[in-house]
Amino acid sequence: LVFALSSALAQSVTFESKNAKRCEAGVLNVVVNPGGSVNAIEVVFEIESTGGGAFFSSFNVVWDAGFTALDNRIIDLSGVDNISPDTVRLAAMATDSLDACLSSTKVVARVNFTTNNACGGTVSLDGTTFPLPNNPLVVATTQFVDCADNSLIAPAVIAGTVTVVNAPPTIDPIPDAS
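Analysis parameters
- Residues numbered from 1 in each chain as written.
- Predicted model: local features only at pLDDT ≥ 70, side-chain atom pairs only at ≥ 80, totals over all residues.
- Heavy atoms only, no water.
- Core = buried A, V, L, I, M, F, W, Y, C linked by side-chain atoms within 4.5 Å.
- Buried < 20%, exposed > 50% of the residue type's maximum accessible area, 1.4 Å probe, protein only.
- Helix = DSSP H or I, 4+ residues; strand = E, 2+ residues; numbered from the N terminus.
- Salt bridge = Lys/Arg side-chain N within 4 Å of Asp/Glu carboxyl O.
- Contact = heavy atoms within 4.5 Å.
- Disulfide = S-S within 2.5 Å.

## Focus on the nonpolar core
In a soluble, globular protein the nonpolar side chains are often hidden away together inside. Core analysis: the largest hydrophobic core is formed by 34 residues, its most contacted members being Ile 41, Phe 45, Ile 47 and Phe 56. Elements with a minimum of two residues in this core: strand E1 (12-15), strand E3 (25-33), strand E4 (38-51), strand E5 (56-63), strand E7 (86-93), strand E8 (106-115), strand E9 (121-127) and strand E15 (160-165). Top contributing element to this core by residue count: E4, with five residues.

Put into structure tokens, the structure is as follows:
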């Protein structure tokens, strides 16, 4: 029982947190800890302005080059309109016998972003649900599929935050000023 409990607690999706200046480009890692071996992952998350007017003036989500398992993949940005909140859906699965299961903690994706011109505030990345546009009766959520028995696993989702920090202003010296 203790092993099963500690194994279940280890299954997670973690969004990196960091500080960024306004109008600055950055990258956030999306890390999956399968807590065992999984043959599919689905990560559904929301990017939301959570204070101070901060948001991303632009962002893109890409698969990490080091993520080599689960070769059949989609990135669904149909819930993105660049107005807070935006919803993103990632899915990766093994679809043939040559495809490896994911059996260790990996950075699976990266969120490339540029902060807006807000002087401060926060942007959160956190798990959510997403009704599929083609079939609104089906609601996507963050989940894994166990390699051994194909059972669904509901991992913990650990939110990330980008905190926009206002850099002190600087003025270049004026040449020959007296």
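## Considerations on the pattern of salt bridges
Oppositely charged side chains may form a pair once their charged atoms are brought near each other. Counting across every chain of the model gives two salt bridges. Salt-bridge contacts for Glu 42 lead to Arg 89; the nearest nitrogen and oxygen are separated by 2.6 Å. Pair noted here: Glu 42 is in strand E4 and Arg 89 is in strand E7, with a separation of 47 residues, a long-range link. Each member of the pair, Glu 42 as well as Arg 89, is classed as buried. A salt bridge links Asp 64 to Arg 110; its shortest N-O distance comes to 2.6 Å. Here Arg 110 lies in strand E8 and Asp 64 lies in the loop between E5 and strand E6 (72-79), a separation of 46 residues in the sequence. Judged by its relative accessible area of 11%, Asp 64 falls in the buried class. By relative accessible area, Arg 110 is classed as partly exposed at 29%.

## Thoughts on unusual backbone geometry
A cis amide bond links Ser 84 with the next residue in sequence, Pro 85, at an omega value of -5°. In this structure, Pro 85 sits in the loop between E6 and E7. At Leu 70, a residue that is not glycine, the phi angle is positive and equals roughly 55°. By the secondary structure assignment, Leu 70 is in the loop between E5 and E6. Despite not being glycine, Asn 82 shows a phi value in the positive range, around 60°.

## Some thoughts on the side chain of Asn 29
Considering the arrangement of structural elements, one finds Asn 29 in strand E3. Setting aside its immediate chain neighbours within four residues, Asn 29 contacts Thr 14, Phe 15, Glu 16, Val 107, Ala 109 and Arg 110.

## Describing the state of the cysteines
Here the structure, examined in full by the defined rule, presents one disulfide. Paired by a disulfide, Cys 101 and Cys 147 hold their sulfur atoms 1.7 Å apart. On the sign convention where negative means left-handed, the S-S torsion of about -100° between Cys 101 and Cys 147 marks this disulfide as left-handed. Note that Cys 101 is positioned in the loop between E7 and E8 and Cys 147 in the loop between strand E12 (143-146) and strand E13 (152-153), a separation of 46 residues in sequence. The exposure class assigned to Cys 101 is partly exposed, which follows from its relative accessible area of 30%. Relative accessible area serves as the criterion here: at 23%, Cys 147 is assigned to the partly exposed category.

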